[in-house]
Amino acid sequence: MAELNDYVTEIPDFPKPGILFRDVTTIIGNPEGFKMAIDGLIASAKEVGDFDLVVGTESRGFIFGTPVAYALGKGFVPVRKKGKLPRETICEEYNLEYGTAALEIHTDAIKPGQKVVIIDDLLATGGTIEATAKMVEELGGVIVRICFVMELAGLEGRSKLEDYDVDSLIIYEGA
């Protein structure tokens, strides 16, 4: 029987020499792999019991988060790059390898006390999800779990998320 990591394509020396890039798009592009990933995320979200919303980060968090929200009868809240949301937002900057980036969420997207599951494709250094978590909590949301399809444990992103229940479907020990 196939495992989810069988659907991940590994590309050596991308984006630079010495990096082994693990491509999540080959999971998405394969019906069996995509179903396996979504089913795994649904099972992970169900483990926390009742919750109100799924939050997904641009852009692959949308791909994985919306079918989970749909299957579980939950609302979906997008977290987008700065300047992409049309109503009033809050913003959180975070560090990248070379510089900074910023994410936004609508101020009315989460009501105080709502329980939230955050979904994204990859946990690497943790900056994107740390910024997302800060905004969810600023709006009064309660994060009950953070789910990833893949995690690169060697980059230690989980250390930025120590206060949260984090689950990854695939964990790669290296970077």
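What you see is a predicted model; the values in this text were computed from it and never measured.

Rules behind the numbers
- Residues numbered from 1 in each chain as written.
- Predicted model: local features only at pLDDT ≥ 70, side-chain atom pairs only at ≥ 80, totals over all residues.
- Heavy atoms only, no water.
- Core = buried A, V, L, I, M, F, W, Y, C linked by side-chain atoms within 4.5 Å.
- Buried < 20%, exposed > 50% of the residue type's maximum accessible area, 1.4 Å probe, protein only.
- Helix = DSSP H or I, 4+ residues; strand = E, 2+ residues; numbered from the N terminus.
- Contact = heavy atoms within 4.5 Å.
- Polar contact = N/O pair within 3.5 Å; in protein donor to acceptor, adjacent residues only side chain to side chain.

## A look at the nonpolar core
Counting 25 residues, the largest nonpolar core has I27, L41, F64, V68, I119, V149 and M150 as its most contacted members. Ranked by the residues each element gives to this core, the list is headed by helix α2 (residues 31–46), at five residues. Once you skip the residues sitting within four places of it in the chain, M150 turns out to touch V8, R22, V24, D121, L122, L123, I170 and Y172. Core analysis: the next-biggest nonpolar cluster, separate from the first, contains 24 residues, I105, I118, A133 and Y164 among them.

## As for unusual backbone geometry
With glycine set apart, most residues show a phi of negative sign, and most peptide bonds adopt trans. The omega angle of the peptide bond from F14 to P15 is 5 degrees, so this bond is cis rather than trans. Turning to its location among the elements, P15 is positioned in the loop between β1 (9–12) and β2 (20–23). Residue S59 is bonded to the preceding E58 through a cis peptide linkage, with omega at -5 degrees. In the Ramachandran plot, D13 falls in the positive-phi region, its phi being about 60 degrees despite a non-glycine side chain. For D13, the position within the fold is in the loop between β1 and β2. A residue is classified by how much of its surface remains accessible, and D13, at 47% relative accessible area, is partly exposed. In this model, E156 sits at a positive phi of 60 degrees, which is unusual for a non-glycine residue.

## Examining the side chain of R145
Of note, R145 is situated in strand β8 (residues 142–152). Polar contacts involving the side chain of R145 include one to the main-chain carbonyl oxygen of S44, which spans 2.7 Å. Ignoring sequence-local partners within four residues, the contact set of R145 consists of S44, E47, V48, V116, V117, I118, D165 and D167.

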